[in-house]
Amino acid sequence: MMWKLQGHDSLVQRLGQSIREGRYSHAYLVVGPPQTGKATLALDMAMALNCPSTEDVPCGTCTQCIRISAGQHA
């Protein structure tokens with residue numbers, strides 16, 4: 001997986017597993033103090049949920065992942 005969020009390994013592992021299994025919620029509330037990775041997590045989740053790859057999600061190399069990381073995705 002190409003998650004950029006660091007320091008929250010158990011969270012990333014649980015989210016990644018739920019996405020792989022297709023068991024994710026319709027919404028997530030991401031809160032916390034400044035500079036703790038909230039925006040990074042949101043971008044990682046957007047890439048993971050939109051990535052067409054069947055192997056590692058998010059792959060970081062498909063059109064969807066590239067556009068999301070560049071801030072150009074709808």
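Keep in mind the model is a prediction, meaning the values are calculated, not measured.

Scoring rules and cut-offs
- Going along each chain's sequence as written, the residues are numbered from 1 onward.
- Local features in this predicted model are restricted to residues of pLDDT 70 or higher, and side-chain atom pairs are both shown and tallied only at a pLDDT of 80 or more, whereas totals for entire chains, interfaces and linings draw on every residue.
- Only heavy atoms go into the side-chain values, all of them from the structure, while hydrogens and water stay out.
- Here, a salt bridge means any side-chain nitrogen of Lys or Arg that lies within 4 Å of a carboxyl oxygen of Asp or Glu.
- For patch building, the residue pool is restricted to those with more than 30% relative accessible area and no salt bridge; the joining distance is 9 Å between like charges and 5 Å between nonpolar side chains (Val, Leu, Ile, Met, Phe, Trp, Tyr).
- Note on areas: these come from Shrake-Rupley sampling with a 1.4 Å probe, and a residue is covered only by the protein chains present in the view.
- Only DSSP runs of H or I covering at least 4 residues are called helices, and only runs of E covering at least 2 are called strands; the numbering of each starts at the N terminus.
- Think of it in three bands: residues with accessible area under 20% of the maximum for their type are buried, residues over 50% are exposed, and the middle band is partly exposed, with areas taken using a 1.4 Å probe on protein chains only.
- Here, two residues are considered to be in contact whenever any of their heavy atoms come within 4.5 Å of each other.
- Helix span, expected: 1.5 Å multiplied by one less than the number of residues in the helix.
- Directions pointing from the helix axis toward each C-beta atom define the arc.
- What counts as a disulfide here is a pair of cysteine sulfur atoms lying within 2.5 Å.

Under the definition given, this model contains one salt bridge. In this structure, Glu21 and Arg23 form a salt bridge, with 2.7 Å as the shortest nitrogen-oxygen distance.

Residues Tyr24, Tyr28, Val30 and Leu49 make up a contiguous nonpolar surface patch of roughly 360 Å² in combined accessible area. With respect to the element layout, Tyr28 can be found in the loop between α1 (9-20) and α2 (38-50). Here Tyr28 falls in the partly exposed class, since its relative accessible area comes to 41%.

For the rest of this paragraph, the subject is the environment of Asp44. Tracing the backbone through its elements, the reader meets Asp44 in helix α2. By relative accessible area, which is 1% here, Asp44 ends up buried. For the pair Asp44 and Ile68, spaced 24 residues apart in the sequence, the C-alpha separation amounts to 8.9 Å. Discounting chain neighbours no more than four positions away, the residues touching Asp44 are Trp3, Lys4, Leu5 and Pro58.

So, about α2. Along its 13 residues, α2 runs 18 Å from first to last C-alpha, staying within 8% of the 18 Å computed at 1.5 Å per residue. Among the residues of α2, those classed as buried are Leu41, Asp44, Met45, Met47 and Ala48. Seen along its axis, α2 keeps its buried residues to an arc of 165°; they face one direction. In the core, the buried residues of α2 are packed alongside α1 and α3 (63-69).

An α-helical turn contains 3.6 residues, so a residue and the one three or four places further along point in the same direction. Relative to the 16 Å expected for 12 residues at 1.5 Å per residue, α1 spans 16 Å between its end C-alpha atoms, a close match to the ideal helical length. Listing the buried residues of α1 in full gives Val12, Leu15, Gly16, Ser18 and Ile19. End-on, the buried residues of α1 take up no more than an arc of 165°, which puts them together on one face. Facing away from the buried side of α1 by more than 90 degrees, the exposed set consists of Asp9, Gln13, Arg14 and Arg20. At its buried positions, α1 is contacted by α2.

Under the counting rule described, the total for this entry stands at zero disulfides. No disulfide involves Cys59; its nearest neighbouring cysteine sulfur is the one of Cys51, lying 3.5 Å away. Cys65 carries a free sulfur, and the closest cysteine sulfur to it, the one in Cys62, is 3.5 Å from it. Of the residues examined, Cys65 reaches a relative accessible area of 1% and is grouped as buried.

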